[in-house]
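Read off the chains here:
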Amino acid sequence: MVFQQVPVRNVDITSTFWSQMQRCSRDKTIPAIIKAQKSLKHWYCLTWKEGHEIQPHPFWDSDVYKIVEAACYFLMNAKNAELMAIVEEAVDMIRAAQHPDGYINSYYTVLGIDKRWTNLRDMHELYCLGHLTEACVAYETLTNSGRLLEPVLKALRHVDSIFGSEPGKKKGYPGHQEIEIGLLRLHELCKEPVLLKLARYFITERGQRDANGETYFDHEAKVRGGDPYEHFGSEMKAWFQYPRDYSYNQADQPLVQTTEVKGHAVRAMYYYIAATDLVRITGDKDIKAALDRMWIDMAERKLYITGGIGAMRQWEGFGAKYVLGDTEESGICYAETCACFALILWCQRMLQLELDVKYADVMEIGLYNGFLGAVGLDGGSFYYENPLRTHTGRPKKRSEWFEVACCPPNVAKLLGLLGLLIYSFKDDVVAIHLYIESNFSVPGTDVVVSQETSMPWSGDVQIKVRGSTALALRIPTWADGYTISVAGEIKDGYLYIPPSQDLEVTLSLTMKSRKVYPNPETGKDQIAIMRGPFVYCIEDVDNEVDIDNVALIDGPVRDGEPIDIAGVTGVIPVRAMGREVVHGQNRLYASEPWKYGDKKELLYVPYFLRANRGCRGGMTVWARRLWT
């Protein structure tokens, strides 16, 4: 039996650190997103009729759906009449926006319903519907009212009437994956067989070719009057590397034939999340083998130290192996927030299939670094891209909103869903993946598992079990040793402890600052610093050095005394020694080599805290390596 996902309601997060982040999201981020959507009129796009003076973007519907979903997660643990009223307002708009045959989409409602389903490759009809379906799962879990379930099932049955392998149906699939996730989540909620059938179809049909080697996207383009073989024709999009570059959509070949992660990073992660859910539900071994190949290629060759993914700006996605540049300006460090968000959820799904520390390690790194720093500590500003280096005089400031606004709602969604990352369970075993102070009530039992810990700053954890259950405790690979008060057996990085009535466990993970070195295939002779799950960076606001020209001495690093940064208390900085590059001339090439100045102590802070205190723009995770 695979591990089950925990219900959001069953986890009460008491961590000082994470409670602050969740409160900020509930009280500031969600209201800020709703305010932005309403002020820009995006919120009301579902109410518009054909010929409206404003034409919605193809994805505006999804922004409404995602904030509804995020709000529902927070409402599961804390009532809020004002927020609930906004959710119900959105549900009313959705119900009123539905066409008689079940179709829902503001873009084609305004543009003309006769044009729907003509461009799955570039438009977002199925993507938006996927987010509506996920919002439906959250809303019905919260209310059990059926108010959203009714129109969503009608919309999905309409989709099933259009697409599939049966005679007379289109053999299509979405250009941007997402509906597959929603279909499988809703199937597990209401057990409708058509949802599983449709999800399986979209996942397995993707990338199939006919006798001429053409895909659905080729045929679709020709019907629209385009020529997919023409490089500079109307069908060529800037994000494609070459004509018919369907690897951008992960549609160049079926998943079971794929050997590497390619294309748009968010699309890829959404695809793999759904495929992992399908494996869990159906046991498909060929898809599982493909997912294992994708994991190895991503985690060992294309993953930033921060848990960010997607190096290439042009197509917001994966590049060649080991191509992991640090600067946004170079075009080879995109690391979109949504991609890290989705990677975290893929890790969580893989942990349901297979309890292995490698998935939890990446999930934790992404959560604390690539994801967490994407929202400002004011709760109302966001990063779309997350480079590992910025330059003096060119600070990267967070934005209050984006024209493509997919990232802010996803930040709120994940913080609302945080509890399901911490635990999973099956039979009489509770797995703890993240050490975050919390209480977990195991569904269908009287068992409660509690954690008391000062993580992420300290590795000491007290675990208490009320009732009887076995435990599987993750031993992070960053831990420089550990001690535990009870005996257990290690397997794949998890310590298994047999059932015991009202068990108490003291776990101490040795946490200290450490240096990290890149694979030489990356072309870097540099050093980064980590402590526990945190990646650290050096920022000019803390250091009187030129961040653009700093080198780190490959010697001891040490924890500093706790400090407060931008409202986050008890931050443990790291201190190390370095030197500045002194070149003395501005020519591109010179006959004299670099020189280094005197030793200086450098202060490193967690990467997620960057750009919260004002600075000249100098920030870097990686620094040149010096021997002395």
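The numbering scheme is per chain: residues are counted from 1 as the chain's sequence reads. pLDDT decides what is reported in this predicted model: residues at 70 or higher carry local features, side-chain atom pairs at 80 or more are listed and counted, and totals for whole chains, interfaces and linings draw on all residues regardless. Remark: hydrogens and water are excluded; side-chain values derive from all non-hydrogen atoms of the structure.

Participant: Sorry, what's going on with unusual backbone geometry here?
Facilitator: If a residue is not glycine, its phi is most likely negative; likewise, a peptide bond is most likely trans. Of note, the amide linkage connecting methionine 455 to proline 456 takes the cis form, showing an omega dihedral of 15°. Tracing the backbone shows proline 456 in the loop between strand E7 (448-453) and strand E8 (460-466). Phi at tryptophan 117 takes a positive value of approximately 60°, unusual for a residue other than glycine. For alanine 566, which is not a glycine, the phi torsion comes out positive at approximately 50°. Each residue gets one of three labels from its accessible area relative to the maximum for its type: buried under 20%, exposed over 50%, partly exposed in between, using a 1.4 Å probe on protein chains only. Taking relative accessible area as the criterion, alanine 566 reaches 36% and is therefore assigned partly exposed. Secondary structure elements are taken from DSSP: a helix is a run of H or I of four residues or more, a strand is a run of E of two residues or more, and numbering for both begins at the N terminus.

Participant: In this structure, what is going on with the packing of aromatic side chains? I would like to understand it.
Facilitator: Describing an aromatic ring pair means giving the distance of the ring centres and the angle of the ring planes. Any pair of Phe, Tyr and Trp rings, taking the six-membered ring for Trp, is counted once the centres come within 6.5 Å. Such a pair is stacked with planes under 30 degrees apart, edge-to-face with planes over 60 apart, and tilted for the rest. For the coordinates displayed, the defined rule picks out 29 aromatic pairs. Judged by centre distance (5.7 Å) and plane angle (85°), the ring pair of phenylalanine 17 and phenylalanine 608 falls under edge-to-face. Separated by 591 residues along the polypeptide, phenylalanine 17 in helix H1 (residues 16-39) and phenylalanine 608 in the loop between strand E23 (600-606) and strand E24 (619-620) bring together distant segments of the chain. Residue phenylalanine 17 is classed as buried on the basis of its relative accessible area of 6%. Given a relative accessible area of 1%, phenylalanine 608 falls into the buried group. Where tyrosine 201 meets phenylalanine 202, the ring centres are 5.8 Å apart and the plane angle is 55°; that geometry is what we call tilted. Considered together, tyrosine 201 and phenylalanine 202 belong to a single accessibility category, that of buried residues. The structure contains a cluster of three or more aromatic residues connected by ring pairs, namely Phe17, Trp18, Tyr368, Trp457, Phe534 and Phe608.

Participant: What exactly am I supposed to notice about the sheet that holds strand E6 (residues 438-441) here?
Facilitator: The strands making up a sheet associate through backbone hydrogen bonding, with each pair oriented either parallel or antiparallel. Any two strands with at least two DSSP bridges between them are considered paired. Taken in spatial order, the six strands make up an open sheet running E2-E6-E7-E8-E13-E10, and their pairing is antiparallel. In the strand order of this sheet, the two ends are held by strand E2 (11-13) and strand E10 (482-484), each with one partner. Mean inter-strand twist for the sheet, computed between neighbouring axes without regard to direction, equals 15°. With six bridges joining them, E7 and E8 adopt antiparallel strand pairing. Paired with valine 448 across the two strands is arginine 466, which belongs to E8. As a rule, the C-alpha atoms of each element are fitted with a line to give its axis, helices using only the stretch in contact, and angles between N-to-C directions run from 0 to 180 degrees.

Participant: I would appreciate a short explanation of the sheet that holds strand E4 (residues 423-426) in the present structure.
Facilitator: Across the sheet, six strands lie side by side as E1-E4-E5-E9-E12-E11; this open sheet has mixed pairing. Only two strands of the sheet have a single neighbouring strand rather than two, namely strand E1 (4-5) and strand E11 (489-491). Where E11 and strand E12 (residues 494-501) come together, three bridges link them in antiparallel fashion. Bridge assignment links glutamate 489 to a residue of E12, and that residue is tyrosine 496. Contacting strand E9 (468-474) and E12, helix H13 (residues 357-371) crosses the sheet at an angle of about 70° to E9. Between two residues, a contact is recorded if the distance between any of their heavy atoms is within 4.5 Å.

Participant: Which parts of the structure should I look at to understand the environment of leucine 471?
Facilitator: When you line up the elements, leucine 471 lands in strand E9. Remark: the alpha-carbon pair of leucine 471 and tyrosine 494, spanning 23 residues in sequence, is separated by 9.3 Å. Not counting chain neighbours up to four residues away, the residues in contact with leucine 471 comprise Val429, Val430, Val449, Ile463, Val465, Leu495, Tyr496, Ile497, Leu503 and Val505.

Participant: Looking at this structure, I do not really get the pairing of strand E16 (residues 534-539). What am I missing?
Facilitator: On a regular strand, each side chain points to the face opposite its neighbour's, so the side chains alternate between the two faces of the sheet. Burial analysis of E16 places six of its six residues in the buried class, which makes it a mostly covered element. Because side chains alternate across E16, one face comprises the buried residues Phe534, Tyr536 and Ile538, and the other comprises Val535, Cys537 and Glu539, equally buried. The hairpin turn running from strand E15 (residues 526-531) into E16, its antiparallel successor, is two residues long, and glycine 532 in that turn takes a positive phi close to 60°. Alignment of E16 against E23, held across three bridges, turns out to be antiparallel. From the neighbouring strand, tyrosine 536 faces E23, where its bridge partner is proline 606.

Participant: Got a minute to help me understand the pattern of salt bridges in this structure?
Facilitator: A pair can form between side chains of opposite charge whenever their charged atoms are brought close. Only one rule defines a salt bridge in this text: a Lys or Arg side-chain nitrogen within 4 Å of an Asp or Glu carboxyl oxygen. In the structure shown here, the tally under the stated rule is 47 salt bridges. The partner of lysine 169 in a salt bridge is glutamate 166, with the nearest N and O atoms 3.3 Å apart. The partner of aspartate 252 in a salt bridge is lysine 262, with the nearest N and O atoms 2.7 Å apart. One end of the pair, aspartate 252, is in the loop between helix H9 (216-223) and helix H10 (265-282); the other, lysine 262, is in the loop between H9 and H10, and ten residues separate them in sequence. For aspartate 252, a relative accessible area of 17% corresponds to the buried category. Members of the salt-bridge network, linked through shared partners, are Glu69, Glu134, Arg185 and Lys413.

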